[in-house]
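Below, each chain spelled out in residue letters.
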Amino acid sequence: MSEKTLTRADLTEAVYEEVGLSRNESADLVEAVLGEISDCLVAGDNVKISSFGSFLVRQKNGRMGRNPKTGEEVPIDPRRVLVFRPSQVMKDRINA
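Residues numbered from 1 in each chain as written. Predicted model: local features only at pLDDT ≥ 70, side-chain atom pairs only at ≥ 80, totals over all residues. Heavy atoms only, no water.

Can you explain unusual backbone geometry? Please cite residues and give values.
Its identity as a non-glycine residue notwithstanding, S51 has a phi of 65°, on the positive side. Mapped onto the elements of the fold, S51 is located in the loop between β1 (47-49) and β2 (53-60). For S51, a relative accessible area of 44% puts it in the partly exposed group. (Helix = DSSP H or I, 4+ residues; strand = E, 2+ residues; numbered from the N terminus. Buried < 20%, exposed > 50% of the residue type's maximum accessible area, 1.4 Å probe, protein only.)

Quick one: what's the story with the environment of D92, residue by residue and with numbers?
Within the element layout of this structure, D92 appears in helix α3 (residues 88-94). Spatially, the C-alpha atoms of D92 and Q59 are 29 Å apart, while their sequence positions differ by 33 residues.

Account for a nonpolar patch on the surface, naming residues and giving values.
On the surface, I49, F52 and F84 cluster together into a nonpolar patch covering about 230 Å² of accessible area. Within the secondary structure layout, F84 lies in strand β5 (residues 79-86). On the basis of relative accessible area, F84 is assigned to the partly exposed category, the value being 35%. (Patch = residues over 30% accessible without salt bridge, like charges linked within 9 Å, V, L, I, M, F, W, Y side chains within 5 Å. Areas by Shrake-Rupley, 256 points an atom, 1.4 Å probe, with all protein chains shown as cover. Salt bridge = Lys/Arg side-chain N within 4 Å of Asp/Glu carboxyl O.)

If you had to explain the layout of surface pockets to someone new, which residues and values would you point to?
Roughly 330 Å³ of volume is contained in the largest pocket. Forming the walls of the largest pocket are 15 residues, and the residues nearest its centre are L11, V30, V33, L34 and I37. Elements represented by at least two residues in the lining of the largest pocket include exactly α1 (8-19) and α2 (23-42). Considered class by class, the residues forming the lining of the largest pocket number twelve nonpolar, one polar and two charged. (1 Å grid on protein atoms, 1.4 Å probe; cavity = no way out; pocket = protein on both sides within 12 Å on 5 of 7 lines; lining within 4 Å. Points joined across faces, edges and corners; volume = space filled by probe spheres on them. Nonpolar A, V, L, I, M, F, W, Y, C, P; charged D, E, K, R; others polar.)

Break down the pairing of strand β3 (residues 63-66) for me, with residues and values.
As paired strands, β3 and strand β4 (residues 73-76) are joined by four bridges and run antiparallel to one another. Across the sheet, residue R66 finds its bridge partner in β4, namely E73. A loop of six residues connects β3 with β4, the two strands running antiparallel in sequence, and G71 in this loop sits at a positive phi of about 80°. (Pairing = 2+ DSSP bridges.)

Tell me about the pattern of salt bridges, and please be specific about residues and values.
Taken as a whole, this structure holds three salt bridges when the rule is applied. As a salt-bridge pair, K4 and D10 come within 2.8 Å of each other at their nearest N and O atoms. Judged by relative accessible area, D10 falls into the partly exposed class, the value being 25%. Between R8 and E31 there is a salt bridge, and its shortest N-O distance comes to 2.6 Å. Linking R8 in helix α1 with E31 in helix α2, this pair joins segments that are 23 residues apart in sequence. Look at R8 and you get partly exposed, because its relative accessible area is 45%.

Limitation: the analysis is restricted to geometry and does not speak to function.
Shown next, in the form of structure tokens:
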């Protein structure tokens, strides 16, 4: 299994090579796409990318948790969490 992490620079380079935009234009395009995805998620909207997956924002209720080291009960505040659900196409590609 690969230990490499895909970075913004990698995405920019891929756009540069595939689309033929300049490196600066490629970086701007990648930033614009990631910015739009982020803005939608902050607003509470779901983002679905066909053949890739969906990013969902879920609301988690507050609850009582426990510190495993001390055993002390600690309240956990309500919060929003980001969830990624891969599409069936992505699952099939990963397991091929």
